[in-house]
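# Observations on chain architecture
So the chains spell out like this:
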Amino acid sequence: MKRIQYHGYGGPETMKLEDFELKKPGSGEVAVKVKFAAINPIDWKVRNGALKMVTGKSFPRAMGSDFSGTVIAVGAGVTRFKVGDAVFGSAPIKGGGALGEAVIAPETFLAGKPDSVSFDDAACLGTPGVTAWNGIVDKAALKAGQRVFVNGCAGAVGQATVQLARVLGASVVGSCSADAMPTAHAQGVNPVFDYRRTDLSTFSDRFDVVYDTSATMPVAVGLALTRNGGVFLDINPTPVKFLRSVFNRRLKPVICTARAEIFDGLARAAGDGRLRLPVAEIVPLRDAIPLLTTLEKGRKIKGKALVAMPTAA
C-alpha cells in the first residue's frame, strides 16, 4: 500500500508518496482501509516540526489526521467495532497516516459512519468537529438559550462550532469574509459581520461564549466581548496564554483532544442532518502532494479538501 510520508521535518519538499506495510493493530487499536482523507493545517504543522516534542524523532513519519473508511482488522480488547464496519475518525498526531490507503487508530478516535452520511462528508468531521466540541461543550458547557460569537464562522472549525451550538439550542453571531457571509447566514448565524470592515473592539454587545476559531482575535478583545461569567475560547494556545488562564478563568485555551464520546456525538449530529462541512475539492492520492503544497502556501478554497484513495476513486 501507499501513503504520504517524510523522512525528516521540513517543508513541502519533504513529502513523498511511498510504499509501506501496515502493522497489525495493537490492543485497543483498529486498522481501517481509508476511502477519503481530509486535509487540515495541523497536517503540515506536524510535518514542519511544530509539535516535535510530541511527535519525536522517529522517521519515516506518515501524514494525515482525518479519514473515513472500512474496518479491516481489530486489536485485542476492541469492543466498539468489527471488521467490515464503516467508520470515520482521526489518527493520533504522533502516528498520523490518514493520507494513505490504510491507517491505524485507537477505537476511541473513531465512530460508526451513519448510513445517511457519505464517506466523503464523514471524512471532514474529525478535527473540526472535535475542536468545536472541545470548546463549546468541554470548556464552555454551552447551554440552550445562551449566545455565542464565532470569529471565523465560515472556516471548518467555525462552521462546526456554529452547527453544534445550534444543536445545543444557542443563538450564534459571527464574523467571516464578505464572500462567505451567505454561507454563514444559511447555517443560522445572525447577524454576520465582515471581519475586514468590522472593528470588534468597538462592540458594545456581550456574549456568553466567544470562540476565536480563526486564531486572529487578540485576547483583550475576546475577553471584552464576554459578559460577566462568560468565557473566551482561544484556538491558538501558547504557554503565556495557559499561564494567563490560571489567573483569568474566562480565558480558556483549546487543544484538540479526541475521545469516543465526542465522535459518537458528531456521528449523531451528522446522521440527523445537523452537522455537515462542505467539500470544495477532491483529488486522487497520486495528486495529493501538489494540493497539500498549494494549501500550505495559502491558496483559499470554500470548503474542505479531500484525498480519495484508489478504492474510492
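Structure report, in brief. Please read these numbers as outputs of a predicted model, since none were measured by experiment.

### Considerations on the sheet that holds strand 4 (residues 61-62)
Strands sit in the order 2-1-4 across an open sheet of three strands; the sheet is antiparallel. Both edges of this open sheet fall to strand 2 (16-19) and strand 4, since each of them pairs with a single strand only. Two strands pair when backbone bridges link them, and strand 1 (residues 2-6) and strand 2 are joined in this way by four bridges, in the antiparallel orientation. The residue of strand 2 that forms the bridge with Lys2 is Asp19.

### As for the pattern of salt bridges
Counted according to the given criterion, the structure contains 15 salt bridges. Across the salt bridge formed by Asp85 and Lys82, the nearest N and O atoms sit 3.0 Å from each other. We classify Asp85 as buried; its relative accessible area is 18%. Judged by its relative accessible area of 55%, Lys82 falls in the exposed class. Measuring nitrogen to oxygen at the nearest pair gives 2.8 Å for the salt bridge that ties Asp138 to Arg259.

### Let's talk about empty space enclosed by the protein
Considering all chains together, one arrives at one cavity of 30 Å³ or more under this definition. Put simply, the largest cavity is a space of about 110 Å³. For the lining of the largest cavity, the secondary-structure elements that each account for two or more residues are helix 1 (41-47) and strand 4. It is helix 1 that provides the largest number of residues to the lining of the largest cavity, a total of four residues. For the lining of the largest cavity, the residue count by class is eight nonpolar, four polar and three charged.

### Describing the packing of helix 4 (residues 126-139) against helix 5 (residues 156-167)
At a minimum axis separation of 8 Å, helix 4 and helix 5 run at an interaxial angle of 55 degrees. One element, helix 4, and the other, helix 5, form an angle in the oblique class. Classified by chirality, the crossing of helix 5 by helix 4 is right-handed. For the pair formed by helix 4 and helix 5, the contact residues are Pro128, Gly129, Thr131, Ala132, Trp133 and Ile136 on the first element and Ala156, Val157, Ala160, Thr161, Leu164 and Ala165 on the second. For the contact of helix 4 with helix 5, the per-class residue count stands at nine nonpolar, three polar and no charged.

### Some thoughts on the side chain of Gln159
Looking at the element boundaries, Gln159 is found in helix 5. Ignoring anything within four residues of it in the chain, the contact list for Gln159 reads Cys153, Ala154, Thr183, Gln187, Leu277 and Pro278.

### Overview of the nonpolar core
Grouped together as the largest cluster of nonpolar side chains are 48 residues, with contacts concentrated most on Phe88, Cys153, Leu164, Leu233 and Leu266. The biggest single contributor to this core is helix 9 (residues 260-271), with six residues. Leaving out residues up to four positions away in the same chain, Leu266 has contacts with Phe88, Leu125, Gly126, Gly129, Val130, Trp133, Leu164 and Leu275. With 32 residues, the next largest nonpolar core counts Val30, Ile39, Met63 and Ala288 among its residues.

### Description of the pairing of strand 5 (residues 66-74)
Relative to strand 5, strand 3 (residues 29-38) runs antiparallel, the two sharing eight bridges. Bridging across to strand 5, Ala31 finds its partner in Ala73. Bridging between strand 5 and strand 6 (residues 86-90) involves five bridges; their strand directions are antiparallel. Its bridge partner being in strand 6, Gly69 is matched across the sheet by Val87.

### Remarks on helix 9
Over its 12 residues, helix 9 extends 16 Å from the first C-alpha to the last, a length consistent with the 16 Å expected when each residue adds 1.5 Å. Trailing helix 9 by a residue or two, Gly273 shows a phi angle of about 80 degrees, which is positive.

### Regarding unusual backbone geometry
Cis geometry marks the peptide bond from Phe59 to Pro60; its omega dihedral reads 0 degrees. As for its position among the elements, Pro60 is in the loop between helix 2 (52-55) and strand 4. The residue after Asn190, namely Pro191, is reached through a cis peptide bond having omega 0 degrees. Topologically, Pro191 is positioned in strand 11 (residues 189-194). The phi dihedral of Ala141 is positive, around 50 degrees, even though this residue is not glycine. In this fold, Ala141 is placed in the loop between helix 4 and strand 9 (147-151). With phi around 60 degrees, Ala215 is a residue other than glycine that occupies positive phi space. Position of Ala215 relative to the elements: it lies in the loop between strand 12 (207-212) and helix 7 (219-225).

Parameters at a glance
- Throughout this document, residue positions are counted from 1 along each chain, in the order its sequence is written.
- Residue-level local features of this predicted model are given only where pLDDT is at least 70; pairs of side-chain atoms are given and counted only at 80 or more, and the full residue set underlies all totals for whole chains, interfaces and linings.
- Just so you know, side-chain values use all the structure's heavy atoms and leave hydrogens and water out.
- Whether two strands pair depends on DSSP finding at least two bridges between them.
- Every helix listed is a DSSP run of H or I at least four residues long, and every strand listed is a run of E at least two residues long, numbered separately from the N terminus.
- For this analysis, a salt bridge means a side-chain nitrogen from Lys or Arg found within 4 Å of a carboxyl oxygen belonging to Asp or Glu.
- Under the scheme applied here, a residue whose accessible area is under 20% of the maximum for its type counts as buried, over 50% as exposed, and between as partly exposed, the area being computed with a 1.4 Å probe on protein chains only.
- Cavity means a closed set of points on a 1 Å grid over the protein atoms alone, one where a 1.4 Å probe fits but cannot get out, pocket means an open set with protein on both sides within 12 Å along at least 5 of 7 lines, and lining means a residue has an atom within 4 Å of a point.
- Grid points are joined across faces, edges and corners, and a volume is the space filled by probe spheres set on the points.
- Amino acid classes used here: Ala, Val, Leu, Ile, Met, Phe, Trp, Tyr, Cys and Pro are nonpolar; Asp, Glu, Lys and Arg are charged; the rest, including Gly, are polar.
- Structural elements are reduced to axes, namely lines fitted to C-alpha atoms, with helices fitted over the stretch in contact, and the angle between N-to-C directions of any two is expressed from 0 to 180 degrees.
- Roughly parallel means an angle under 35 degrees; roughly antiparallel, over 145; roughly perpendicular, 65 to 115; everything else is oblique.
- Throughout, a crossing is termed right-handed when the near helix is turned clockwise from the far one, and left-handed when it is turned anticlockwise from it by less than a right angle.
- Any two residues whose heavy atoms approach within 4.5 Å at even a single point are treated as in contact.
- Each nonpolar core is a collection of buried residues, namely Ala, Val, Leu, Ile, Met, Phe, Trp, Tyr and Cys, held together in the definition by side-chain atoms within 4.5 Å.
- An expected span of 1.5 Å times one less than the residue number is assigned to each helix.

That's the geometry; what it means functionally is another story.
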